[in-house]
There are 2 protein chains.
Amino acid sequence: MIAASPATPANYNRADAALIDTLRGVVGADNVLTEAIDVAPYAFDGTAMLKQRPACVVFPTERSQVPAIVKAVTSAGVPLVTRGSGTGLSGGSVPLDGAVTLVMTQLDKVIEVDTANLTIRVEPGVITMKVDQEAAKHGLFYPPDPGSQKISTIGGNVAENSGGLRGLKYGVTRDYVMGLRVVLADGEEVWLGNQCVKDVAGYNLRDLFIGSEGTLGVVTEVLLKLLPRPQARRTMVATFATLESAAQAVSDIIARKIVPCTVEFLDQTTIRCVDDYANLGLPLDAAALLLLESDGHPAVVEEESAAMHQALIDNNATNVETAQTVEDAERLLTARRAAFSALARVSPTTILEDVTVPRSELAAVVKFIAGCAERHNVRIGVFGHMGDGNLHPTFLVDERNADEMHRFEAALEEIVDETLRRGGTITGEHGVGLAKKPFLRRQLGDGSFELLRKVKQALDPQWLLNPGKVFD
Amino acid sequence: MIAASPATPANYNRADAALIDTLRGVVGADNVLTEAIDVAPYAFDGTAMLKQRPACVVFPTERSQVPAIVKAVTSAGVPLVTRGSGTGLSGGSVPLDGAVTLVMTQLDKVIEVDTANLTIRVEPGVITMKVDQEAAKHGLFYPPDPGSQKISTIGGNVAENSGGLRGLKYGVTRDYVMGLRVVLADGEEVWLGNQCVKDVAGYNLRDLFIGSEGTLGVVTEVLLKLLPRPQARRTMVATFATLESAAQAVSDIIARKIVPCTVEFLDQTTIRCVDDYANLGLPLDAAALLLLESDGHPAVVEEESAAMHQALIDNNATNVETAQTVEDAERLLTARRAAFSALARVSPTTILEDVTVPRSELAAVVKFIAGCAERHNVRIGVFGHMGDGNLHPTFLVDERNADEMHRFEAALEEIVDETLRRGGTITGEHGVGLAKKPFLRRQLGDGSFELLRKVKQALDPQWLLNPGKVFD
């Protein structure tokens, strides 16, 4: 048995004047915010309804300042919450009352691109898209492209193990992290991993830190693997009269041993919102839209695209459009990239879920969600990474309407249970944070859940790093 | 600070008659060995010079027996060492005196091949090669192919995070493990991971257990990812008059953005031993031999092979031979697959090292090893996974010759230091075990080393799972 965590604000110290002075000494007075109006933007992230102001916000300007910051904060018994751009969708960077928020956005140097070893070393505040842009200068490729890639930081991506549109073929952030420099709870700095493509010396703590949502340490440097840039790419969009035929088309593509780069899905609600938002001329009567992309060697792309096209036709696609130019492809991708924004503007409160199931269960779960929306009379738009089994059921509600919020909660409970019953997970790429915390034990079972807590206890015995999140 | 581990035999209990009776009750008397002559084969693995008989050897015949076994052994304060076929090359399954050895080879069922989700679920005792053979029946592919694949078990591969000849393009065992059923030190059984291709719910403990060398728990089930089987494959062998030109050819291939499936290396000592062993007609005056393989779509293989051929010629290969038939390819592969066996027969004691460096450092390290052999007057054959920067310097010595063993130790010290100086690791795929234990702290530094021990302490507070290994 391990001790219960002190996961209530009353059990932590608040950042006091002495601590704030110490922090000013480390980063300079200009880089510490304490006024209510100044810290307000750091009270929330991309997640609806979750908000709590920190006592103090600190902006390190040099990596070397981070150990002293962490040591000062944890020595004072004060909670520490680390964040990048705050695009998270599970409330992972919403602080506790009295906490110090550490904002990593000024640590944004690209340290090295190593073309002999196909790696890039960056500070955690580098914008995700910039990693790929730097890689591209050398004909290289950083595949993970979360929806927030234009503003999210790579440090945040590591903390959440972010996915993106290319997960099916290229995997997620974890698959590209070779090494991390991490500041531990006591302020000690360690390197986990290295530039070797194979290494079995000791436990793999690098992978433990990836996706640990800021609860085990603060990442101050990231070493990433790069790939040769694919030579060719082809994008296509298909529409379907039923959800089942779209899902069947995806299963069929996989069964034909094709692994496309991208297989994305939009349901009718999402199609209509996107078209209303971006005027793309989408077919408003379609029940489902698939966005597919093949990349790689031109001959492979040619063949794979033709085979995908055939599978789409064989599964009763009502229309298939293949991009003829790069601009065309960008326009088709826009439909998917705009999904969240398009849905977010149609209701006061947008709650984005992130359930993921084995691919074979996708059609059943999509159908279940549609039934759930009807039974509970809530509006749900569904889009997501169909090739990964990763769906984003998006609740379009109004948090001021208590009755509707109860109906939302009842529907969400059912969706979570159905997901878990089918061997799925409560979160494919957004993290547990605050938003999914009520469901984690249900997914893991008591044994695994307690195991997580034992690891946390071992690495952060005061439970001060991003407290109140995940399992806390 | 954490307590020192009780890493001396005197601090553990020996398996006594009561414990042995309990174990017989769980698995049946026939499946428990205690006689000295019967347990002798379980005193060692594939590693030279390391040997210690266990008190008792237990063979579970059903997965469901494992929790009771683990609980009985750890409750009695007795060390537990888990092993498969015992092909390990770091002494990872050599027991402590008085320990119980758990042999997983009878748990060898293929539980499920799921062609919709491209996964296979197996018991830990399944032979590595059988995993790929089962996959092949469905047109699927399990890439990791450690040298021992014909006899090693998949459970052992998971414990060591085994590599193989296809690491450059396809990665290692870790890249294919989606889930593990694990029995923890207290006998509790948990699932880590699942069939979802994306999952960020809680810490990634699955990856912590992969490569943990039996020190954190006992794996009782493995869920693996499969890929579509590559349609085509082409194998070629090139010889070089100098080590430098071979190394430069590899760098050049990578710089031309080609990622071959396999890039293996043999030095002159290894070439001569292999030819003597297998009569392959290899050029005995070559300083280096490269074995290269391209696989995938036929058009890609065609193009990639041509580009590799050009790079080899451009870098002064003295000869390039491309396999025209499958039999041809097998013959060429034999040269590499036979390397360890061929070296092992030329001296009484064969000590296989496993240093790995960033690819850009390869040529320098290969040259350093050659110099080291000369300076210390020890015979070293070098072969390995050149594309991964993973070298196997193999010392051909005689353990009865004390002077030679001192020279071996001095040479090894220098090679380890040089490897670490160049950002490398003491082990790319064999594990730390007993053999590399003296060097782990040197590689990790005190901070990371203590972090490993904290995780161990949290998950196995009595330090009874495979004690005396890795960091213990």
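Chain A carries the name Putative FAD-linked oxidoreductase in an unreviewed UniProt entry, which gives Botrimarina mediterranea as its organism. Reading the Cofactor (unreviewed entry) entry of the UniProt record for chain A gives the comment "FAD". Regarding chain A, the UniProt comment filed under Sequence similarities (unreviewed entry) reads as follows: "Belongs to the FAD-binding oxidoreductase/transferase type 4 family."

> Would you take a moment to explain the overall build of chain A for this structure?
When its secondary structure is counted, chain A shows 15 helices and 18 strands. Taking 23 Å as the expected radius of gyration for a compact globule of 472 residues, we find that chain A reaches 22 Å, a close match to that expectation. With the C-alpha coordinates of chain A rotated into their principal frame, the extents come out at 70 × 60 × 45 Å. Across the 472 residues in chain A, those meeting the buried criterion constitute 61%. For chain A, restricting intrachain contacts to residue pairs at least 6 apart in sequence, the fraction spanning at least 24 positions comes to 72%. Counting only carbon and sulfur atoms, one obtains 49% of the accessible surface of chain A, whose full area is about 16600 Å². When the 45 positive and 60 negative side-chain charges of chain A are each reduced to one mean point, those points stand 1 Å apart.

> Is there a simple way to think about the domain arrangement of chain A in this case?
Accessible area lost during the coming together of the parts is what is often quoted as the interface size. Each assigned domain of chain A is listed here: domain 1 (17-106) and domain 2 (232-422). Computed from C-alpha atoms alone, the centre-to-centre distance between domain 1 of chain A and domain 2 of chain A is 36 Å.

> Help me out: how do you make sense of the interface of chain B and chain A in this one?
At the junction of the two partners, chain B supplies 77 residues and chain A supplies 77 residues. Among the residues chain B hides against chain A, the three largest losses belong to Lys198, Val200 and Tyr203 of chain B. Together they make up 17% of the total. Linking chain B with chain A are 4 salt bridges. Between Lys198 of chain B and Glu429 of chain A there is a salt bridge, with its nearest N and O atoms 2.7 Å apart. Listing elements by their share of the side of chain B that touches chain A, those giving two or more residues are strand 9 (189-193), helix 7 (205-209), helix 10 (298-314) and helix 15 (440-459) of chain B. In terms of residue count, helix 15 of chain B provides more of the side of chain B that touches chain A than any other element does, 12 residues in total. Classifying every residue of the side of chain B that touches chain A by side-chain character gives 35 nonpolar, 28 polar and 14 charged.

> Is there a simple way to think about the packing of aromatic side chains in this case?
For any pair of aromatic rings, geometry is given as the distance between the ring centres together with the angle between the planes. Residues and elements named next belong to chain A. All told, the structure shown has 12 aromatic pairs over all chains when counted by the stated rule. Measuring from ring centre to ring centre gives 5.2 Å for Phe141 and Tyr170, while their planes differ by 85 degrees; the resulting arrangement is edge-to-face. Of the two residues, Phe141 sits in strand 7 (residues 140-141) while Tyr170 sits in helix 6 (residues 167-170), which places them 29 residues apart along the sequence. Looking at Phe141, the relative accessible area reads 0%, which means it is buried.

> Sorry, what's going on with the confidence of the model for chain A here?
A low pLDDT means the predicted coordinates there should not be read in detail. Looking at chain A as a whole, its pLDDT mean stands at 94, while 98% of the residues score no less than 70. Scored as a complex, the prediction yields pTM 0.96 and ipTM 0.95.

> Help me understand unusual backbone geometry in this model?
Across residues other than glycine, the phi torsion is negative in most instances, and most of the peptide bonds are trans. Its identity as a non-glycine residue notwithstanding, Asn161 of chain A has a phi of 50 degrees, on the positive side. Following the sequence through the fold, Asn161 of chain A ends up in the loop between helix 5 (154-160) and helix 6. For Val470 of chain B, which is not glycine, the phi torsion reads 60 degrees and is therefore positive. Looking at the element boundaries, Val470 of chain B is found in the segment after helix 15.

> Explain helix 8 (residues 243-255) of chain B to me, please; I cannot follow it from the model alone.
An α-helix turns once every 3.6 residues. As a result, residues three or four positions apart point the same way. All names here are of chain B. With 13 residues, helix 8 ought to run about 18 Å at 1.5 Å a step, and its terminal C-alpha atoms sit 18 Å apart, in line with that. Taken together, the buried residues of helix 8 touch helix 6 (167-170), strand 12 (232-240), strand 13 (262-267), strand 14 (288-296), helix 10 and helix 13 (362-375). Where helix 8 terminates, the next one or two residues include Lys257, which has phi positive at roughly 65 degrees.

> What is the right way to read the relation of the copies chain B and chain A from this model?
Two copies of one chain are present, and they are related through a rotation about an axis combined with an axial shift. Once turned by 180 degrees and shifted 0.0 Å along the axis, chain B lies on chain A with an RMSD of 0.0 Å. What we have between these two chains is a two-fold relation. Here 100% of the interface residues in chain B have copies in chain A that are interface residues too; the copies meet face to matching face.

> Please clarify how the environment of Phe439 of chain A should be interpreted in this entry.
Residue and element names in this part refer to chain A. Structurally, Phe439 can be placed in the loop between helix 14 (402-421) and helix 15 (440-459). Through-space distance from the C-alpha of Phe439 to that of Ser251 is 28 Å; in sequence the pair is 188 residues apart. Not counting the four nearest positions on each side in its chain, Phe439 is found in contact with Leu412, Glu413, Val416 and Ile426.

> Can you walk me through the sheet that holds strand 15 (residues 317-322) of chain A in this structure?
Across a sheet, paired strands are connected by hydrogen bonds in the backbone, their directions being either parallel or antiparallel. Residue and element names in this part refer to chain A. Taking strand neighbours across the sheet as the criterion, the 7 strands line up as 15-12-14-13-17-18-16 in an open arrangement whose pairing is antiparallel. Among the strands making up the open sheet, the edge pair consists of strand 15 and strand 16 (349-352). Going from strand to strand, the sheet's axes swing by 15 degrees on average, the running direction of each strand aside. Across 9 bridges, strand 12 (residues 232-240) lies against strand 14 (residues 288-296) in antiparallel orientation. Counted as the bridge partner of Ala238 is Leu290 from strand 14. Relative to the sheet, helix 13 (residues 362-375) contacts strand 13 (262-267), strand 17 (379-385) and strand 18 (390-397), its axis offset from that of strand 18 by approximately 10 degrees.

> Before we go on, may I ask you to explain the pattern of salt bridges in this structure?
Side chains that carry opposite charge are capable of pairing whenever their charged atoms lie near each other. Residue and element names in this part refer to chain A. According to the stated counting rule, one finds 74 salt bridges over all chains in the structure shown. Among the salt bridges present, the one from Arg422 reaches Glu361, with a minimum N-O distance of 2.8 Å. With Arg422 in the loop between helix 14 and helix 15 and Glu361 in the loop between strand 16 and helix 13, this pair connects stretches of sequence that are 61 residues apart.

> What should I look at first to understand the environment of Tyr170 of chain A in this one?
Accessibility expressed as a relative area gives 12% for Tyr170 of chain A, which makes it buried. A polar atom in the side chain of Tyr170 of chain A sits 2.9 Å from the side chain of Asp295 of chain A.

> Quick question: what am I supposed to make of helix 11 (residues 326-337) of chain A here?
Residue and element names in this part refer to chain A. Taking 1.5 Å of rise per residue, the 12 residues of helix 11 would be expected to cover 16 Å, and the 16 Å separating its terminal C-alpha atoms lies within 8% of that figure. Turning to helix 11, its buried residues are Ala329, Leu332, Leu333, Ala335 and Arg336. Projected down its long axis, helix 11 carries its buried residues within an arc of 140 degrees, all on one side.

Conventions we followed
Residues numbered from 1 in each chain as written. Chains lettered and ligands numbered in written order. Predicted model: local features only at pLDDT ≥ 70, side-chain atom pairs only at ≥ 80, totals over all residues. Heavy atoms only, no water. UniProt positions renumbered as here; feature names shortened; annotations may be inferred. Helix = DSSP H or I, 4+ residues; strand = E, 2+ residues; numbered from the N terminus. Rg over C-alpha atoms; globule rule 2.2 N^0.38 Å. Buried < 20%, exposed > 50% of the residue type's maximum accessible area, 1.4 Å probe, protein only. Contact = heavy atoms within 4.5 Å. Areas by Shrake-Rupley, 256 points an atom, 1.4 Å probe, with all protein chains shown as cover. Lys, Arg positive; Asp, Glu negative; His and termini not counted. Charge placed at Lys NZ, Arg CZ, Asp CG, Glu CD. Domains from an automatic or database assignment. Buried area = accessible area lost by both parts, 1.4 Å probe. Salt bridge = Lys/Arg side-chain N within 4 Å of Asp/Glu carboxyl O. Nonpolar A, V, L, I, M, F, W, Y, C, P; charged D, E, K, R; others polar. Phe/Tyr/Trp six-rings, centres within 6.5 Å; stacked < 30°, edge-to-face > 60°. pLDDT = per-residue confidence, 0-100. Expected span 1.5 Å × (residues − 1). Least-squares fit on C-alpha atoms with pLDDT ≥ 70 in both. Pairing = 2+ DSSP bridges. Axes fitted to C-alpha atoms, helices over the stretch in contact; angles between N-to-C directions. Polar contact = N/O pair within 3.5 Å; in protein donor to acceptor, adjacent residues only side chain to side chain. Arc of directions from axis to C-beta.

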